[in-house]
Amino acid sequence: MKRVLIITIITLVVLGGIAGSIAVFGTFSDGIRSGQIVKFSKKGIAFKTYEGQLAIRGFDEGDNGAMSNIWEFSVERSEMEVRQEIENAMEKGHDIRLYYKEYFFQFDWRGDTKYFVYKVEKVED
């Protein structure tokens, strides 16, 4: 009986560890979004995170035919080159393409969103 209990506990711990790892490190999807950076900031009290907003342009059947959609994203603290490229594009008003990964869950110590940018490209005119 003791043996069954020990095996059950070990199995539950291992399965819990696997589920926890997937929740923290597993990605749900990845993709690309293009537009112009309208906001990028470092924020937080206990956990400093880098958060941004991308204006995605599109077309609407309204009066002027143009519309803007705001997409919020985060950048890992370790991604110094990505942060610098985003800041440069914002200062110069360039359109950029952001490559991102979407995680299963949002954790406060990582960022305000589930979307994390890992690569930036300037959109050529």
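Residues numbered from 1 in each chain as written. Predicted model: local features only at pLDDT ≥ 70, side-chain atom pairs only at ≥ 80, totals over all residues. Heavy atoms only, no water.

Colleague: Just checking my understanding: could you explain the side chain of threonine 113 for this structure?
Modeller: Take threonine 113: it is sitting in the loop between strand E4 (95-103) and strand E5 (115-122). For threonine 113, a relative accessible area of 10% gives the class buried. A polar side-chain atom of threonine 113 sits 2.9 Å from a polar atom in the side chain of serine 74. Looking at threonine 113, its side chain comes within polar contact range of the main-chain oxygen of tyrosine 115, at 3.0 Å. (Helix = DSSP H or I, 4+ residues; strand = E, 2+ residues; numbered from the N terminus. Buried < 20%, exposed > 50% of the residue type's maximum accessible area, 1.4 Å probe, protein only. Polar contact = N/O pair within 3.5 Å; in protein donor to acceptor, adjacent residues only side chain to side chain.)

Colleague: I keep staring at the side chain of arginine 83 and nothing clicks. Help me out?
Modeller: Topologically, arginine 83 is positioned in helix H2 (residues 80-92). The buried charged residue arginine 83 lacks any salt bridge partner; its closest oppositely charged side chain belongs to glutamate 87, at an N-O distance of 5.5 Å. With sequence-adjacent residues up to four places away left out, arginine 83 is seen in contact with Phe40, Tyr50, Val75, Glu76, Arg77 and Ser78. (Lys, Arg positive; Asp, Glu negative; His and termini not counted. Salt bridge = Lys/Arg side-chain N within 4 Å of Asp/Glu carboxyl O. Contact = heavy atoms within 4.5 Å.)

Colleague: Could you clarify how one ought to interpret the packing of aromatic side chains in this entry?
Modeller: Given two aromatic rings, their pairing is described by the distance between the two centres and the angle made by the two planes. Following the criterion strictly, the structure yields eight aromatic pairs and no others. Their ring planes at 70° and their centres at 5.9 Å tell us that phenylalanine 28 and phenylalanine 104 sit as a pair that is edge-to-face. With phenylalanine 28 in strand E1 (residues 27-43) and phenylalanine 104 in the loop between E4 and E5, this pair connects stretches of sequence that are 76 residues apart. By relative accessible area, phenylalanine 104 is classed as partly exposed at 34%. Here the aromatic cluster, defined as three or more aromatic residues joined through ring pairs, consists of Phe40, Tyr50, Trp71, Phe73, Tyr100 and Tyr115. Directly above the ring of tyrosine 118 sits lysine 101, whose terminal nitrogen or CZ lies 5.4 Å from the centroid. Above the plane of the ring of tyrosine 99 lies lysine 119, whose end atom (NZ or CZ) is 4.7 Å from the centre. (Phe/Tyr/Trp six-rings, centres within 6.5 Å; stacked < 30°, edge-to-face > 60°. Lys NZ or Arg CZ within 6 Å of the ring centre and 35° of its normal.)

Colleague: Looking at this structure, how should I read the pattern of salt bridges?
Modeller: One side chain can pair with another of opposite charge once the charged atoms of both are near each other. Under the criterion given, the structure shown has four salt bridges. As a salt-bridge pair, lysine 43 and aspartate 112 come within 3.0 Å of each other at their nearest N and O atoms. In this pair, lysine 43 sits in strand E1 while aspartate 112 sits in the loop between E4 and E5, placing the two residues 69 residues apart along the sequence. A relative accessible area of 37% means that lysine 43 is categorised as partly exposed. The structure contains a network of salt bridges with shared partners spanning Arg97, Lys119 and Glu121.

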